[in-house]
Amino acid sequence: MYKKILIIGSPGSGKSTLARKIAEKTRHELIHLDNEYWSDAWVATPREEFRTKVAKLAEKDCWIMDGNYSNSLDIRIPAADAVIFLDINRFVCLFSVIGRHGKARPDIPNGCAEKFDKEFLEFLKYVLSFPKKNRRKIFDILSEYPEKPVIIVKTRKEANELAENFLNITEDLK
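None of the values given here were measured: they were computed from a predicted structure.

Visitor: So what about the overall build of the chain? Which residues, and what values?
Guide: The helix and strand tally for the chain stands at 8 helices and 7 strands. A compact globule built from 174 residues should have a C-alpha radius of gyration of about 16 Å, and the chain, at 15 Å, falls within 12% of that. Expressed along its principal axes, the backbone C-alpha trace of the chain runs to roughly 45 × 35 × 30 Å. Classification of the 174 residues of the chain by burial places 44% in the buried group. Residue pairs at least 24 apart in sequence account for 76% of intrachain contacts in the chain once pairs closer than 6 positions are excluded. Here the chain displays about 9,400 Å² of accessible surface, and carbon together with sulfur accounts for 53% of that area. Taking the 30 positively charged and 26 negatively charged side chains of the chain as two groups, their mean positions are separated by 4 Å.

Take a look at the structure:
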């Protein structure tokens, strides 16, 4: 079984939900990078401090780690045993982000309440533009690691099936 599994994809794609379900099955430590990056009131961790923190997390023996943070993929992908890319339709992601807005979530720190403000509208634009601006970049980065097993998930149904059958599916990949 894989000991270090990285889950990436657009905001609203279901990264944290899938990570939580797989962590329950594998009993690996669950690491939500949003919890590591943000502190109270949406204060971001400085870039180099975050990279150091991610490097220490990646050294752990077993983990399920979710989050994009492309500036640390060069640390996380080599450390991972497998990568799951949630390549979900941008409108599904958009509606998920809108639907979860204002709700408490385990993948973001307490004190980071979402507001309907200018920043949130910019975030929605980012979600809509994710496939055009980031999808190719992610595939290009993943292509630098041809030895790394990559599971591409295109729909929520596939994500649910992956979570349900994770232990069997990953054994078949080896």
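Visitor: Go over unusual backbone geometry, please, and point to the residues and values.
Guide: Even without a glycine there, the phi angle at arginine 27 is positive, about 65 degrees. Structurally, arginine 27 is set in the loop between α1 (15–26) and β2 (29–32). Accessibility expressed as a relative area gives 75% for arginine 27, which makes it exposed. Although it is not a glycine, tryptophan 42 sits at a positive phi angle of roughly 60 degrees. Relative to the helices and strands, tryptophan 42 resides in the loop between β3 (38–39) and β4 (43–44).

Visitor: Outline the sheet that holds strand β5 (residues 63–66), listing residues and values.
Guide: Across the sheet, 5 strands lie side by side as β2-β5-β1-β6-β7; this open sheet has parallel pairing. Since the sheet does not close on itself, it has two edges, and those belong to β2 and β7 (150–153), each with one partner. When strand polarity is set aside, the average angle formed by the axes of neighbouring strands in this sheet is 15 degrees. Relative to β5, β2 runs parallel, the two sharing 4 bridges. Counted as the bridge partner of glutamate 29 is tryptophan 63 from β5. Contacting β1 (4–9), β6 (82–86) and β7, helix α6 (residues 118–143) runs over the sheet at an angle of about 165 degrees to β6.

Thresholds applied
All residue numbers refer to positions counted from 1 along the written sequence of the respective chain. For this predicted model, a pLDDT threshold of at least 70 governs which residues receive local features, and a threshold of 80 or more governs which side-chain atom pairs are given and counted, while totals over whole chains, interfaces and linings are taken from all residues. Excluded from the side-chain calculations are hydrogens and water; all other atoms, namely the structure's heavy atoms, are used. Labels follow the DSSP assignment, with helices taken as runs of H or I lasting at least four residues and strands as runs of E lasting at least two, numbered in each case from the N terminus. For a compact globule the rule gives 2.2 Å times the number of residues to the power 0.38, and the radius of gyration it is set against comes from C-alpha atoms. Summary of the burial criterion: residues with accessible area below 20% of their type's maximum are buried, those above 50% are exposed, and those between are partly exposed, where the area comes from a 1.4 Å probe applied to protein chains only. We call two residues in contact whenever any of their non-hydrogen atoms come within 4.5 Å of each other. Method for areas: the Shrake-Rupley scheme with a 1.4 Å probe, in which residue coverage is limited to the protein chains shown. A residue counts as positive if it is Lys or Arg and as negative if it is Asp or Glu; His and the chain ends are not included. Positions of charges follow a simple convention, taking NZ of Lys, CZ of Arg, CG of Asp or CD of Glu. Pairs of strands are assigned from DSSP output, requiring at least two bridges between the strands. Where helices are involved, their axes are fitted lines through C-alpha atoms of the stretch in contact, as for all axes, and angles between N-to-C directions lie from 0 to 180°.

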